There are 2 protein chains.
Amino acid sequence: MAELASRSGLTVATIKYYLREGLLPPGEAVGATRARYDDSHLRRLRLIRALTDVAGLRLEVVREVLDGIGRAGSWHEAVGSAHTRLPFPGTRPASETSLARVEAMLDRTGWSLGHGSPHAEALGRALDALDDVQHPLSDDLLDAYAEAWQPVAELEVAGVDAGDVESSAEAAVVGTLLLEPVVLAVRRIAQENVSRERGR
Amino acid sequence: MAELASRSGLTVATIKYYLREGLLPPGEAVGATRARYDDSHLRRLRLIRALTDVAGLRLEVVREVLDGIGRAGSWHEAVGSAHTRLPFPGTRPASETSLARVEAMLDRTGWSLGHGSPHAEALGRALDALDDVQHPLSDDLLDAYAEAWQPVAELEVAGVDAGDVESSAEAAVVGTLLLEPVVLAVRRIAQENVSRERGR
């Protein structure tokens, strides 16, 4: 337990809490008061830490995400599970107008969404928020995002196919959530460069 | 005040709180207990609401962002101000290794970053988080993000040039923060479509 703490960078008290809450599977008992932990425990602790610290998820959401990883029956399901368990912030339902714009974008790009996919709703709400502050998003920019992501998504999803289902599900969660700060940082770097070019 | 509340969707108590905190400029006094508010007040309230509800910013950060809008002297400064005032989550400094990888990526893409730009640090920390969970990001994928963003950033930054400095600064904040949920939703839609294609 002490070694697990030093290698994960978490305190013993935090690890015990995760054990009690069922976020971390119990170790193998070796005597009345000792248990043995292996690399899978360390990996799980690092994932929990990244989901809370980097992705900023609350512990209830982390639990749902981890349950999804454990339950996925196939690789495609694992990706889907990672997606549906990670709702975007905001509570107001998307407007009909914005949902219609999302549908039209899907038609133009040749994409579709499965039943129960939360993404149309999430995108619709994001469009509503821009309408609210009177900076509506143009269809041109929406289509530019879609066009930019198509080749990148191919690379991203190919990277998630890690062999066994549990590893793939974990990779899908990491790829969805922990790559988001990368994506947003690269976007700001690109903006800074374009902005400076124009500012000259 | 009552009209401002109904048109912004905020309560009178909340608006009074924003006035006291200096987030909303005072209205024009018309008598001892009445003040007149105009469209600029309504726009400011909608922006505060979007920054808290959609972008999930704490009120202290909203204040810094709004101060940056007010103080920007030029359009390029406004974009820069929007960027530097919006730190990414996480507190641990980026590792030397990851910062070197960011430098190398900038070299490959022909980009550079200004003094005081927080983006190299933010990207470095995001790369560290992926290393921690033993899913390091490949340079191929990092370069793919950079390549995908270049043309999109041109469109995004062109959209921010709104004439006067204050409007441009506001547009830069909106474009940085409120477009992020759009970007991430479109990314997930692209992933879902690629994943389903591969799952067949």
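Everything numeric in this text was worked out from a predicted model, so none of it was measured.

Novice: Talk me through the overall build of chain A; I want residue IDs and the actual numbers.
Specialist: From N to C terminus, chain A includes ten helices and two strands. Its helices and strands in sequence order give chain A the pattern α-α-β-β-α-α-α-α-α-α-α-α, from N to C terminus. For chain A, buried positions account for 48% of its 200 residues.

Novice: Tell me about the pattern of salt bridges, and please be specific about residues and values.
Specialist: Pairs can form between side chains of opposite charge once their charged atoms are near each other. Counted under the stated rule, the structure contains 20 salt bridges over all chains. Across the salt bridge formed by Arg63(A) and Glu21(A), the nearest N and O atoms sit 3.0 Å from each other. Highlighted residues: Arg63(A) in helix α4 (residues 59-71) and Glu21(A) in the loop between α2 (12-20) and β1 (28-29), separated in sequence by 42 residues. Given the relative accessible area of 30%, Arg63(A) is considered partly exposed. When its relative accessible area of 31% is taken as the criterion, Glu21(A) is described as partly exposed. Asp143(B) is the salt-bridge partner of Arg108(B), the closest N and O atoms lying 2.8 Å from each other.

Novice: I'd love a proper account of the interface of chain B and chain A, names of residues and values included.
Specialist: Interface size is commonly expressed as the accessible area that is lost once the parts come together. Every contact between the two is made by 76 residues of chain B and, on the other side, 76 residues of chain A. Broken down residue by residue, the surface that chain B buries against chain A is led by Arg187(B), Arg188(B) and Ile189(B), which jointly contribute 10%. Between chain B and chain A we count six salt bridges in total. For the salt bridge of Arg187(A) with Glu156(B), the shortest nitrogen-to-oxygen distance reads 3.0 Å. In this assembly, chain B and chain A are joined by ten residue pairs in polar contact (both at pLDDT 80 or more). Broken down by secondary-structure element, the contributors of at least two residues to the side of chain B that touches chain A are α3 (39-53), α5 (75-84), α6 (96-109), α7 (119-132), α8 (139-160), α9 (165-178) and α10 (180-199) of chain B.

Novice: Give a detailed account of the packing of aromatic side chains, specifying residues and quantitative values.
Specialist: Counted by the stated rule, this structure contains five aromatic pairs over all chains. Relative to Tyr145(B), the ring of Trp149(A) has its centre 6.0 Å away and its plane inclined at 75 degrees; by these criteria the two rings are edge-to-face. Here the residue Trp149(A) occupies a position in helix α8 (residues 139-160), and Tyr145(B) occupies one in helix α8, the pair thus bridging two chains. Aromatic pair Tyr17(B) and Tyr18(B): ring centres 6.2 Å apart, planes at 50 degrees, arrangement tilted. Chaining the aromatic ring pairs together yields one cluster made of Tyr145(A), Trp149(A), Tyr145(B) and Trp149(B). The ring of Trp149(B) carries the charged tip of Arg187(A) above its face, separated from the ring centre by 6.0 Å.

Novice: Outline the confidence of the model for chain A, listing residues and values.
Specialist: Residue and element names in this part refer to chain A. For chain A, per-residue confidence averages 81 on the pLDDT scale, and residues scoring 70 or more make up 84% of the total. The least confident element of chain A, judged by mean pLDDT, is helix α5 (residues 75-84) at 62; the most confident is helix α6 (residues 96-109) at 94. Scoring the predicted complex yields pTM 0.76 and, for the interface, ipTM 0.77.

Novice: I'd like to hear about the nonpolar core, residue by residue, with values.
Specialist: Ranked by internal contacts, the top residues of the largest apolar core, which has 109 residues, are Val182(A) and Val182(B). Ignoring any residue separated from it by four or fewer positions in sequence, one finds Val182(B) in contact with Leu123(A), Ala126(A), Leu127(A), Leu130(A), Leu137(A), Leu142(A) and Tyr145(A).

Novice: Lay out the packing of α6(B) against α7(B) in plain terms, naming residues and giving numbers.
Specialist: All names here are of chain B. At their nearest, the axes of α6 and α7 sit 8 Å apart, and the two run at 120 degrees to each other. Taken together, the axis directions place α6 and α7 in an arrangement best described as oblique. Our pair here, α6 against α7, has a crossing hand that is right-handed. Here α6 contributes Ser-98, Leu-99, Arg-101, Val-102 and Met-105 to the contact with α7, which in turn contributes Ala-120, Glu-121, Leu-123, Gly-124, Leu-127, Asp-128 and Asp-131. Grouping the constituent residues of the contact of α6 with α7 by class yields six nonpolar, two polar and four charged.

Novice: Any chance you could break down the environment of Glu192(B) for me, citing the residues and the numbers?
Specialist: Residue and element names in this part refer to chain B. If you trace the backbone, Glu-192 turns up in helix α10. Accessibility expressed as a relative area gives 11% for Glu-192, which makes it buried. A sequence separation of 90 residues divides Glu-192 from Val-102, and the C-alpha atoms of the two residues are 28 Å apart.

Novice: How would you explain the environment of Leu66(A) if you had to name every residue and give the values?
Specialist: All names here are of chain A. By the element assignment, Leu-66 lies in helix α4. Accessibility expressed as a relative area gives 5% for Leu-66, which makes it buried. Taking the C-alpha atoms as reference, Leu-66 lies 8.3 Å from Glu-170; in sequence the two are 104 residues apart. For Leu-66, the residues in contact, after removing those within four places along its chain, are Leu-23, Arg-44, Leu-47 and Ile-48.

Novice: Any chance you could break down α7(B) for me, citing the residues and the numbers?
Specialist: All names here are of chain B. The end-to-end C-alpha distance of α7 is 20 Å, a good match for the 20 Å that 14 residues give at a rise of 1.5 Å each. Counting buried residues in α7 gives eleven out of 14 residues, a clear majority hidden from the surface. Taken residue by residue, α7 has His-119, Ala-120, Ala-122, Leu-123, Gly-124, Arg-125, Ala-126, Leu-127, Asp-128, Ala-129 and Leu-130 as its buried positions.

Novice: Describe the relation of the copies chain B and chain A, naming the residues involved and giving the relevant values.
Specialist: Mapping chain B onto chain A calls for a rotation angle of 180 degrees and an axial translation of 0.0 Å; the resulting RMSD is 0.0 Å. Considering both components of the superposition, the chain copies are consistent with a two-fold axis. Taking the C-alpha atom as reference, chain B places Ala148(B) closest to the rotation axis, 2.5 Å from it. Mapped onto chain A, 100% of the interface residues of chain B again fall at the interface, so both copies present the same surface.

Quick notes on the rules
- Residues numbered from 1 in each chain as written.
- Chains lettered and ligands numbered in written order.
- Predicted model: local features only at pLDDT ≥ 70, side-chain atom pairs only at ≥ 80, totals over all residues.
- Heavy atoms only, no water.
- Helix = DSSP H or I, 4+ residues; strand = E, 2+ residues; numbered from the N terminus.
- Buried < 20%, exposed > 50% of the residue type's maximum accessible area, 1.4 Å probe, protein only.
- Salt bridge = Lys/Arg side-chain N within 4 Å of Asp/Glu carboxyl O.
- Contact = heavy atoms within 4.5 Å.
- Buried area = accessible area lost by both parts, 1.4 Å probe.
- Polar contact = N/O pair within 3.5 Å; in protein donor to acceptor, adjacent residues only side chain to side chain.
- Phe/Tyr/Trp six-rings, centres within 6.5 Å; stacked < 30°, edge-to-face > 60°.
- Lys NZ or Arg CZ within 6 Å of the ring centre and 35° of its normal.
- pLDDT = per-residue confidence, 0-100.
- Core = buried A, V, L, I, M, F, W, Y, C linked by side-chain atoms within 4.5 Å.
- Axes fitted to C-alpha atoms, helices over the stretch in contact; angles between N-to-C directions.
- Parallel < 35°, antiparallel > 145°, perpendicular 65-115°, else oblique.
- Left-handed = near helix turned anticlockwise from the far one by under 90°.
- Nonpolar A, V, L, I, M, F, W, Y, C, P; charged D, E, K, R; others polar.
- Expected span 1.5 Å × (residues − 1).
- Least-squares fit on C-alpha atoms with pLDDT ≥ 70 in both.

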